[in-house]
Amino acid sequence: MTAEQTDSPTRSRSQHQRRKRIVQAAAALASRGGVEAMQMRTVAERAGVALGTLYRYFPSKMDLVVAVVGEELDLMEKSMERRPPGVSGGAARAAELLMRATRGLAREPELADALTRALMLSDVNIDFHGRMTGIILRVMGVADTATEEQRALVRSLNSVWVMEMIDLLRGRATPEEIQGRLEMAANRLLADF
């Protein structure tokens, strides 16, 4: 069973819970030791499933990392729904969303590093930029009306953010420096929204 097959609507509740336990176990291991700590056998043990079961859900370690990326995006999206940015203006709201994500990932640098590596090195399609673009557009309140050019500009802002995260993880930038640059990039890229 591939990761796509486990996402079908006919999947049972126990399969859904099992998959969630696996992804949470992988994320917990990654937050303590990066991708290297996400050994398939260790993930299976921590999730309380057989190794064969883990491989039915996630045929490779990279498939599992991709699932962790998806889970983190889900968590960020739910957080934004519960507590939308408290600033007005699309660019300011986009920058606040990205800074919240930055602060969250900065609290777990090993997980952030694992997720960043997955984005850069994965042969598996994550559609990270598509998901992030959608989240940012929803936070800005223009998800239904954005033009293709506006979507491309938001995607560009997202790319700026990913590079800023790499600088943060490598110790080449502080959160304050990143915030200033993200706000400037958001204001320039999203000025016509």
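This is a predicted model, so every value here is computed, not measured. (Residues numbered from 1 in each chain as written. Predicted model: local features only at pLDDT ≥ 70, side-chain atom pairs only at ≥ 80, totals over all residues. Heavy atoms only, no water.)

Undergrad: For this particular structure, what's the right way to read the overall build of the protein?
TA: Helix and strand content of the protein: 10 helices and 0 strands. Reading the helices (α) and strands (β) of the protein from amino to carboxyl end gives α-α-α-α-α-α-α-α-α-α. Taken over the C-alpha atoms alone, the protein extends approximately 50 × 40 × 30 Å along its principal axes. Across the 193 residues in the protein, those meeting the buried criterion constitute 45%. (Helix = DSSP H or I, 4+ residues; strand = E, 2+ residues; numbered from the N terminus. Buried < 20%, exposed > 50% of the residue type's maximum accessible area, 1.4 Å probe, protein only.)

Undergrad: Help me understand helix 8 (residues 128–140), please; the structure alone is not making it clear to me.
TA: Because an α-helix packs 3.6 residues into every turn, residues spaced three or four apart end up facing the same way. Counted at 1.5 Å a residue, the expected span for helix 8 with its 13 residues is 18 Å, and the 18 Å between its end C-alpha atoms agrees. Among the residues making up helix 8, those that are buried are F128, M132, T133, G134, I135, I136, L137, V139 and M140. (Expected span 1.5 Å × (residues − 1).)

Undergrad: Just to check I follow, could you spell out the UniProt feature "domain: HTH tetR-type" (unreviewed entry) in the protein for this structure?
TA: When the UniProt feature table is mapped onto this chain numbering, "domain: HTH tetR-type" (unreviewed entry) sits at residues 16–76. Here residues 16–76 runs as 80% helix and 0% strand, with 20 Å between its end C-alpha atoms. (UniProt positions renumbered as here; feature names shortened; annotations may be inferred.)

Undergrad: Can you help me understand the packing of helix 9 (residues 148–169) against helix 10 (residues 175–189) in this one?
TA: Helix packing geometry: the angle between the two helix axes and the distance between the axes. Two numbers describe how helix 9 lies on helix 10: the axes approach to 10 Å, and their chain directions differ by 165 degrees. The angle between the axes of helix 9 and helix 10 places the two elements in the roughly antiparallel class. Seen along the crossing, helix 9 lies across helix 10 with a hand that is right-handed. Between helix 9 and helix 10, the residues in contact are L153, S156, L157, V160, W161, E164, D167 and L168 and P175, I178, R181, L182, A185, A186 and L189, respectively. Class assignment of the residues belonging to the contact of helix 9 with helix 10 gives a composition of 11 nonpolar, 1 polar and 3 charged. (Axes fitted to C-alpha atoms, helices over the stretch in contact; angles between N-to-C directions. Parallel < 35°, antiparallel > 145°, perpendicular 65-115°, else oblique. Left-handed = near helix turned anticlockwise from the far one by under 90°. Contact = heavy atoms within 4.5 Å. Nonpolar A, V, L, I, M, F, W, Y, C, P; charged D, E, K, R; others polar.)

Undergrad: I would appreciate a short explanation of the pattern of salt bridges in the present structure.
TA: On inspection of all chains with the given rule, the structure shows 8 salt bridges. The partner of R170 in a salt bridge is D113, with the nearest N and O atoms 2.9 Å apart. Here the residue R170 occupies a position in the loop between helix 9 and helix 10, and D113 occupies one in helix 7 (residues 109–121), the gap between them amounting to 57 residues. Judged by relative accessible area, which is 43%, R170 ranks as partly exposed. Within the structure, one salt-bridge network assembled from shared partners comprises D74, E77, R131 and R138. (Salt bridge = Lys/Arg side-chain N within 4 Å of Asp/Glu carboxyl O.)

Undergrad: For this particular structure, what's the right way to read the packing of aromatic side chains?
TA: In this description, an aromatic ring pair is defined by two values, namely the gap between the centres and the angle between the planes. Under the definition given, this model contains 2 aromatic pairs. Both rings, one in Y57 and one in F58, keep their centres 6.5 Å apart while their planes meet at 35 degrees; by these two values the pair is tilted. Here the two residues Y57 and F58 agree in accessibility, since each one is buried. With 6.2 Å between their ring centres and 15 degrees between their planes, F128 and W161 make a pair best called stacked. (Phe/Tyr/Trp six-rings, centres within 6.5 Å; stacked < 30°, edge-to-face > 60°.)

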